[in-house]
Amino acid sequence: MQPLAATNDFVVKFANINGSGSASANELFARCILRMGVPVASRNIFPSNIQGLPTWYEVRVSGEGWLGRRGGVDMMVAMNPQTWDKDMAEVEPGGYVVYDSTKPMPVSRFREDVTVLGVPLTLLSNTLEGTLPRERQLLKNIIYLGALSSLLDFDPAVVEGLIGNQFKGKDKLIALNMKAIKLGHDYAAEHLAGKCQLKVENADMVGDRIFIGGNDAAGLGAVYGGATVCAWYPITPSTSVAESFSKHCKALRVDPESGQNNFAIVQAEDEIAAIGMVIGAGWNGARSFTATSGPGISLMQEFFGLAYSAEIPAVIIDIQRGGPSTGMPTRTQQSDILSVAYASHGDTKHVMLFPEDPHESFEFAAQAFDLAERLQTPIFVMMDLDIGMNDWLCKPLHWDDSRKYDRGKIMTREMLEAGTEFGRYLDVDGDAVPFRTLPGVHPTKGAYFTRGSSHDAYARYSEEGSVYIDITQRLLRKFETAKTLVPAPVLRPAKAPTRWGAIYFGSSSVAMDEAMETLEEHGLHLDTLRVRAFPFADEVAEFVRAHDQVFVVEQNRDAQLQKLLITECGLEPSRFVSLLHYDGTPITARYITGMIAGRMATIRKDAAE
């Protein structure tokens, strides 16, 4: 078997044990390649326990700039004996396996069609004098980084620079890590020279893009969006949104003169308490949010109904994970779509935003607070674990300092003094959004009773059928107003006329972009539409009706987005072809390409017969 040969175009996967300290070394590997100007896409696949189970870190090196998972592995750094057979099976024919050869493994454990690159990591780490056993275990990861830097031709200055940055101010650690890097590098240079034909060459393909995780970007977006209150309960994979918000608030929201915080962050006793605090703060005029995942969404349902009915602004950042129940807490899915769209009992509909990457996570998190106050309703930012907990290469985050917050329709003291009629749920200008007052705006005017029960336009309790219908119909009209305010879908026309289309959303975007180009190279053309929000813009239904068949690409079992399209847009189910991926790993370009090409061939064959 001819060994794989490629420059700036391959996939390396690290198979480690959770708790072994490998995460830092693996991330350093990805950052080294970025520093050489070559785009990478990294994916961390880890267990939901604290220590001892298998964990993987996959780095796609793509000189062409593809940022989704490709599928397949060209080099496996196999550090976990428990998963050896599974890891070996993933390697592409002609690929490479790097392993700790301190205790050589029998030839029978290797495939004949891969190149084995043994590095005695344990033996080398034991030569590091003055180190404790735990330190040597950690340094083994740095030693294999050094070996990879030789095998793949990393620029030594880049590696040294990153080590210096990571341990800045800790000269002893810098020296020790540099010694470990040199051990691995020198061993590979002496014993494995010329055995690996995967290479990284300096390029200029990264530009001004940044490497950031979606949760960090969303937390910063909440700060820039004007949020002052965060109430949350820890849950994987959303916890780091609140942690990010806290970190950025401490840097940006502390009064320089008094030292007082201009924000409030509460770790509640549970998810129900958290959303209750958010709604209370929103009612009081603060921009407030919570971050959660599927189980939290389930627990918060009744409060969502209260905010919808009482028309109180709130932002919920949902980092979706595998379900149902506990499901797969550290695996990614897009499986909360239906539960959020109609969250709570009775007739409800909620606005959802679907960012594609950390850049949009920042933008949409900030925009969500404007939408929540403009529409006086909960706004859901629908991210997922892939976006939230992985670092992505994306456009720099941008904020226009001249941007003004949209506080929506707030009845001021001056308006009340002037005799402006106030009805808390009164539609005065036809967009179905009423005016609200904030507590304390006036000593005698503008008060109302906030209730989740049925009420009339003046917030008076009523169980009259006609009154109830008027209010619920107005809420439905308000949802129509939302169509004009949420992010518009993104159309990508095919390079040739076609009757085939594809709809997708969220983190599937990067794999879809690559898959579409591959399909076009093979003469298979599809128009695509990336949906960025619910309610759906009118263009979404128009797109579907303009095509004979439309693939709907989503990462869940039950075709949730497709069901929503059929229900909300009145579209015929026969127009759609589901393309579903829900094993908990991010969807790959190869999977999309294979499924679409196969289905198109089948449909064409059936039509011909």
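Residues numbered from 1 in each chain as written. Predicted model: local features only at pLDDT ≥ 70, side-chain atom pairs only at ≥ 80, totals over all residues. Heavy atoms only, no water.

**Digging into the pairing of strand 10 (residues 229-232)**
For step 1, the next point in the chain: Going residue by residue along strand 10, you find Val 229 and Ala 231 tucked away on one face and Cys 230 and Trp 232 tucked away on the opposite face as well.
For step 2, the next point in the chain: Of the strand pairs in this sheet, strand 10 and strand 11 (residues 264-267) are connected by four bridges, and their pairing is parallel. Across the sheet, Trp 232 pairs through a bridge with Gln 267, a residue of strand 11.
For step 3, the next point in the chain: Pairing between strand 10 and strand 12 (residues 288-292): two bridges, direction parallel. Paired with Cys 230 across the strands is Phe 289, a residue of strand 12. (Buried < 20%, exposed > 50% of the residue type's maximum accessible area, 1.4 Å probe, protein only. Helix = DSSP H or I, 4+ residues; strand = E, 2+ residues; numbered from the N terminus. Pairing = 2+ DSSP bridges.)

**Observations concerning the domain arrangement of the protein**
It is common to give the size of an interface as the accessible area lost on bringing the parts into contact.
For step 1, the next point in the chain: When its domains are assigned, the protein resolves into domain 1 (6-199), domain 2 (212-394), domain 3 (413-485) and domain 4 (490-608).
For step 2, the next point in the chain: With centres defined by C-alpha atoms, the gap from domain 1 to domain 2 works out at 35 Å.
For step 3, the next point in the chain: Between domain 1 and domain 2 lies a buried interface of about 970 Å² when both sides are counted; carbon and sulfur atoms form 55% of it.
For step 4, the next point in the chain: Counting every contact that joins domain 1 to domain 2 gives two salt bridges.
For step 5, the next point in the chain: Arg 43 is the salt-bridge partner of Asp 386, the closest N and O atoms lying 2.9 Å from each other.
For step 6, the next point in the chain: At the surface where domain 1 touches domain 2, the tally comes to five residue pairs in polar contact (both at pLDDT 80 or more).
For step 7, the next point in the chain: For the side of domain 1 that touches domain 2, the secondary-structure elements that each account for two or more residues are helix 1 (22-35) and strand 3 (40-45).
For step 8, the next point in the chain: Per-element tally for the side of domain 1 that touches domain 2: the top contributor is strand 3, with five residues.
For step 9, the next point in the chain: Residues that form the side of domain 1 that touches domain 2 fall into these classes: seven nonpolar, three polar and three charged. (Domains from an automatic or database assignment. Buried area = accessible area lost by both parts, 1.4 Å probe. Salt bridge = Lys/Arg side-chain N within 4 Å of Asp/Glu carboxyl O. Polar contact = N/O pair within 3.5 Å; in protein donor to acceptor, adjacent residues only side chain to side chain. Nonpolar A, V, L, I, M, F, W, Y, C, P; charged D, E, K, R; others polar.)

**Focus on the packing of helix 5 (residues 156-166) against helix 6 (residues 171-191)**
For step 1, the next point in the chain: In contact at an axis separation of 9 Å, helix 5 and helix 6 are set at 150 degrees when each is read in the N-to-C sense. When the axis of helix 5 is compared with that of helix 6, the two are roughly antiparallel. The two elements helix 5 and helix 6 cross, and the hand of that crossing is right-handed. Taken together, the residues of helix 6 that come into contact with helix 5 (itself represented by Val 159, Glu 160, Ile 163 and Gly 164) are Ile 174, Asn 177, Met 178 and Ile 181. (Axes fitted to C-alpha atoms, helices over the stretch in contact; angles between N-to-C directions. Parallel < 35°, antiparallel > 145°, perpendicular 65-115°, else oblique. Left-handed = near helix turned anticlockwise from the far one by under 90°. Contact = heavy atoms within 4.5 Å.)

**Describing the nonpolar core**
For step 1, the next point in the chain: Core analysis: the largest hydrophobic core is formed by 136 residues, its most contacted members being Phe 29, Met 75, Phe 289, Ile 317, Met 352 and Ile 503.
For step 2, the next point in the chain: It is helix 4 (residues 133-151) that provides the largest number of residues to this core, a total of eight residues.
For step 3, the next point in the chain: The contact partners of Met 75, leaving out residues within four places of it in the chain, are Val 11, Val 12, Lys 13, Tyr 96, Val 98, Leu 117, Leu 148, Leu 152, Cys 196 and Leu 198.
For step 4, the next point in the chain: Among the nonpolar cores identified, the runner-up in size contains 18 residues, and Trp 500, Met 512, Val 553 and Val 577 belong to it. (Core = buried A, V, L, I, M, F, W, Y, C linked by side-chain atoms within 4.5 Å.)

**Focus: the pattern of salt bridges**
For step 1, the next point in the chain: Per the counting criterion, the structure on display carries 38 salt bridges.
For step 2, the next point in the chain: The partner of Glu 311 in a salt bridge is Arg 474, with the nearest N and O atoms 2.4 Å apart. Of this pair, Glu 311 sits in the loop between helix 11 (301-310) and strand 13 (314-320) while Arg 474 sits in helix 16 (residues 465-483), and the two are 163 residues apart along the sequence.
For step 3, the next point in the chain: Across the pair Arg 575 and Glu 572 runs a salt bridge whose closest N-O atoms are separated by 2.9 Å.
For step 4, the next point in the chain: Classification of Glu 572 by relative accessible area gives partly exposed; the value is 36%.
For step 5, the next point in the chain: A single salt-bridge network, built from bridges that share partners, covers Arg 287, Asp 370, Glu 373, Arg 403, Arg 407 and Arg 436.

**A word on the sheet that holds strand 12**
For step 1, the next point in the chain: Strand order across the open sheet formed by seven strands is 11-10-12-13-15-14-20, with mixed pairing between neighbours. Looking along the sheet, the strands with just one partner apiece sit at the ends: strand 11 and strand 20 (533-534).
For step 2, the next point in the chain: With respect to the sheet, helix 9 (residues 271-283) is in contact with strand 10, strand 11, strand 12 and strand 13, its orientation differing from that of strand 12 by roughly 160 degrees.

**Description of a negative patch on the surface**
For step 1, the next point in the chain: Together, Asp 9, Glu 64, Glu 517 and Glu 521 line one region of the surface with negative charge.
For step 2, the next point in the chain: Following the sequence through the fold, Asp 9 ends up in strand 2 (residues 9-17).
For step 3, the next point in the chain: Residue Asp 9 is classed as partly exposed on the basis of its relative accessible area of 41%. (Patch = residues over 30% accessible without salt bridge, like charges linked within 9 Å, V, L, I, M, F, W, Y side chains within 5 Å. Areas by Shrake-Rupley, 256 points an atom, 1.4 Å probe, with all protein chains shown as cover. Lys, Arg positive; Asp, Glu negative; His and termini not counted. Charge placed at Lys NZ, Arg CZ, Asp CG, Glu CD.)

**A word on the packing of aromatic side chains**
For step 1, the next point in the chain: Evaluated as defined, the whole model comprises 18 aromatic pairs.
For step 2, the next point in the chain: Pairing Phe 534 with Phe 536 gives two aromatic rings, centres 5.1 Å apart and planes at 70 degrees, and the pair type is edge-to-face.
For step 3, the next point in the chain: Residue classification places Phe 534 among the buried residues on the basis of a relative accessible area of 0%.
For step 4, the next point in the chain: The exposure class of Phe 536 is buried, given its relative accessible area of 4%.
For step 5, the next point in the chain: By the ring-pair criterion, three or more aromatic residues cluster together here, those being Phe 14, Phe 29, Tyr 57, Tyr 144 and Phe 154.
For step 6, the next point in the chain: Directly above the ring of Trp 392 sits Arg 43, whose terminal nitrogen or CZ lies 4.7 Å from the centroid.
For step 7, the next point in the chain: The positively charged end of Arg 424 is found above the aromatic ring belonging to Tyr 448, 5.4 Å away from the centroid. (Phe/Tyr/Trp six-rings, centres within 6.5 Å; stacked < 30°, edge-to-face > 60°. Lys NZ or Arg CZ within 6 Å of the ring centre and 35° of its normal.)

**Observations concerning the confidence of the model for the protein**
For step 1, the next point in the chain: With 100% of its residues at a pLDDT of 70 or more, the protein has an overall mean of 96.
For step 2, the next point in the chain: Summarising per-element confidence for the protein, the mean pLDDT is lowest in helix 20 (residues 589-608) (89) and highest in strand 14 (residues 351-353) (99). (pLDDT = per-residue confidence, 0-100.)

**A look at unusual backbone geometry**
For step 1, the next point in the chain: In this structure, the amide linkage connecting Thr 236 to the following residue, Pro 237, adopts the cis form with an omega of 10 degrees.
For step 2, the next point in the chain: Here the residue pair Phe 534 and Pro 535 is connected by a cis peptide bond, since its omega of 15 degrees sits within 30 degrees of zero.
For step 3, the next point in the chain: The topology assignment puts Pro 535 in the loop between strand 20 and helix 18 (538-545).
For step 4, the next point in the chain: Positive phi, normally seen in glycine, also occurs at Asp 153, with a value near 65 degrees.
For step 5, the next point in the chain: The residue Asp 153 is located in the loop between helix 4 and helix 5 in this model.
For step 6, the next point in the chain: For Glu 311, which is not glycine, the phi dihedral falls at a positive 60 degrees.
For step 7, the next point in the chain: Classification of Glu 311 as buried rests on a relative accessible area of 0%.

**As for the sheet that holds strand 18 (residues 500-504)**
By definition, the strands of a sheet pair up through backbone hydrogen bonds, in either a parallel or an antiparallel sense.
For step 1, the next point in the chain: One open sheet holds the five strands; their spatial order is 17-19-18-21-22, and the pairing between them is mixed. The two strands at the open ends of the sheet, each matched to only one other strand, are strand 17 (490-492) and strand 22 (576-580). Neighbour-to-neighbour, the strand axes of the sheet open up by a mean angle of 20 degrees, direction not taken into account.
For step 2, the next point in the chain: Bridge analysis of strand 18 against strand 21 (residues 549-554) gives four bridges, and the strand direction is parallel. Bridge pairing in strand 21 places Ala 502 opposite Phe 551.
For step 3, the next point in the chain: Strand contacts of helix 19 (residues 560-569): strand 18, strand 21 and strand 22, with the helix running at about 135 degrees to strand 21, the strand carrying the most contacts.

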